[in-house]
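This is what each chain is made of:
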Amino acid sequence: MLSTPFTETFGVRHPIVQGGMQWVGTADLVAPVAESGALGMLTALTQPTPEALVKEIARTRERTDQPFGVNLTILPTIDPPPYDEYRQAIIESGITVVETAGSNPGPHLPQFHGAGIKVLHKCTSVRHAVKAQELGVDGISIDGFECAGHPGEDDIPGLVLIAAAADKITIPMVASGGFADGRGLVAALALGADGINMGTRFMCTVESPIHQRVKEAIVAASETDTELIFRPLRNTARVASNSVSREVVDILDRGGAFEDVRELVSGARGRTVFENGDLEAGIWSVGTAQGLIHDIPTVAELVERIVGDAQTLITERLAALIGR
Ligand code: NAD
């Protein structure tokens, strides 16, 4: 067992989070993650309505009595969702942990805290982490440039970002972006984090509700097989390298506007990649950690392996270096 301020504050057995993933974070994945002793997050906006989110929370509860959370991401979207109604659905469902991401959690904090909910805020810079800590969030998820999805615009990889954040953050902090195994967990702890957040690694598990061909593509891909889209729009997103993402980069590099790529990048189109396994159907988020992923284990096997490998690494390899 690896106990940290994160496991103690958030009431989970292992210092591992399965963070929000659009189209992936459903009961099918979150329930086995909760059962494994890690902290799983349903992705609120994967559900078409707040009412559907309430049903998905109930579906998760039918499968596990362990704690799990809900991710609420607030970023530019094609059709802005009713964030306040999603927040209310989370509160009324009796959820105890929320992961906020994408923008300032301030407007939602009083309601979440008023309901006794612990808030883990994911952000991609030390200044945003410090601001969230000042606002009173309960934990920080600091997300390095390696990550899938939106890495922010500062381009600071985890090796520096996590340590720089650890110098300023006094509340529990998990490290996100580029984590896939026990080595990463030990590195994060050494850099000053209290645990890790993984997305891509959890996508590539037996229970993850995406097409087998996508999982096999992650296993086959290397750390270089991603594209950064939306750079000129300052809404950078790291996605799998395919004909669609390369076309988007090309259009925007030539001075195109969001309207010129809107149809190519739509989340609805990306969703069909996960549903049908057609890897060229749209853009789909994946991180550089795919270069570290070589198999498709069950969630329980994965979490046990990561915690076991981390403990062995600390007690055998690292301990043996002292006084050698
Ligand atoms: P969507 O279909 O509304 O948009 C697709 C992509 O285009 C998203 O990356 C979105 O940020 C971007 N986008 C939309 N409007 C934009 C604009 N006016 N200017 C610049 N970029 C714009 O989104 P979706 O796939 O249905 O996802 C729903 C929400 O989940 C979005 O807020 C999206 O950003 C977020 N998301 C987050 C991650 C992550 O890494 N945290 C990954 C996937 C999606």
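Above this text sits the structure in question.
All figures in this text were calculated on a predicted structure; none of them were measured in a lab.

J.: What should I look at first to understand the site of the ligand in this one?
T.: Neighbouring the ligand are 18 residues; P76, T77, I78, N235 and G267 lie closest to it. Note that an oxygen atom of the ligand is positioned 3.4 Å from one of the side-chain N or O atoms of Q22. One of the side-chain N or O atoms of N235 is found 2.9 Å from a nitrogen atom in the ligand. Notes on the ligand: free accessible area 760 Å², of which the protein chains cover 81%. For the shell around the ligand, the residue count by class is 10 nonpolar, 8 polar and no charged.

J.: Just to check I follow, could you spell out the packing of helix α8 (residues 182-191) against helix α14 (residues 299-321) for this structure?
T.: When two helices pack together, their arrangement is given by the angle between their axes and by how far apart the axes lie. Close contact between α8 and α14 brings their axes to 7 Å; oriented N to C, the two are set at 65°. Seen along the crossing, α8 lies across α14 with a hand that is right-handed. Of the residues in α14, those in contact with G182, R183, L185 and V186 of α8 are I306, D309, A310, L313, I314 and L318. In the contact of α8 with α14, the residues fall into 7 nonpolar, 1 polar and 2 charged.

J.: Just checking my understanding: could you explain unusual backbone geometry for this structure?
T.: The phi torsion at W23 lies on the positive side, around 75°, for a residue other than glycine. Even without a glycine there, the phi angle at D155 is positive, about 60°. Position of D155 among the secondary structure elements: in the loop between β6 (139-143) and α7 (158-166).

J.: Hey, could you run me through the sheet that holds strand β4 (residues 97-101) in this one?
T.: Strand pairing within a sheet occurs via backbone hydrogen bonds; the two strands may be parallel or antiparallel. With respect to topology, 8 strands assemble into a closed barrel ordered β1-β2-β3-β4-β5-β6-β7-β8, the strand pairing being parallel. Averaged over all pairs of adjacent strands, the angle between their axes in this sheet comes to 25°, without regard to strand direction. In this structure, strand β5 (residues 118-123) lies alongside β6, joined through 4 bridges in parallel fashion. When the sheet's bridge partners are listed, L120 is paired in β6 with G139. Contacts between helix α2 (residues 27-36) and the sheet are confined to β1 (16-18) and β2 (39-43), with β2 contributing the most and set at about 165° to the helix. Strand contacts of helix α6 (residues 126-135): β5 and β6, with the helix running at about 170° to β6, the strand carrying the most contacts.

J.: How do you make sense of the pairing of β6 when you look at a structure like this?
T.: In regular strands, side chains alternate between the two faces of the sheet. For β6, a buried count of 5 out of 5 residues is recorded, marking the element as mostly surrounded by other parts of the structure. Where burial is concerned, the two faces of β6 agree: the one with G139, S141 and D143 and the one with I140 and I142 are both buried. For the handedness criterion, the β-α-β arrangement of β5, α6 and β6 is classed as right-handed. In the sheet, β6 pairs with strand β7 (residues 173-176) via 4 bridges, with the strands oriented parallel. Each bridged residue has a counterpart across the sheet, and for D143 the counterpart in β7 is S176. For the segment spanning β6, α7 and β7, crossover handedness is right-handed.

Each value, and the rule that gives it
- Residues numbered from 1 in each chain as written.
- Predicted model: local features only at pLDDT ≥ 70, side-chain atom pairs only at ≥ 80, totals over all residues.
- Heavy atoms only, no water.
- Near = heavy atom within 4 Å.
- Polar contact = N/O pair within 3.5 Å; in protein donor to acceptor, adjacent residues only side chain to side chain.
- Areas by Shrake-Rupley, 256 points an atom, 1.4 Å probe, with all protein chains shown as cover.
- Nonpolar A, V, L, I, M, F, W, Y, C, P; charged D, E, K, R; others polar.
- Axes fitted to C-alpha atoms, helices over the stretch in contact; angles between N-to-C directions.
- Helix = DSSP H or I, 4+ residues; strand = E, 2+ residues; numbered from the N terminus.
- Left-handed = near helix turned anticlockwise from the far one by under 90°.
- Contact = heavy atoms within 4.5 Å.
- Pairing = 2+ DSSP bridges.
- Buried < 20%, exposed > 50% of the residue type's maximum accessible area, 1.4 Å probe, protein only.
- Right-handed = clockwise from strand over helix to strand, strands pointing away.

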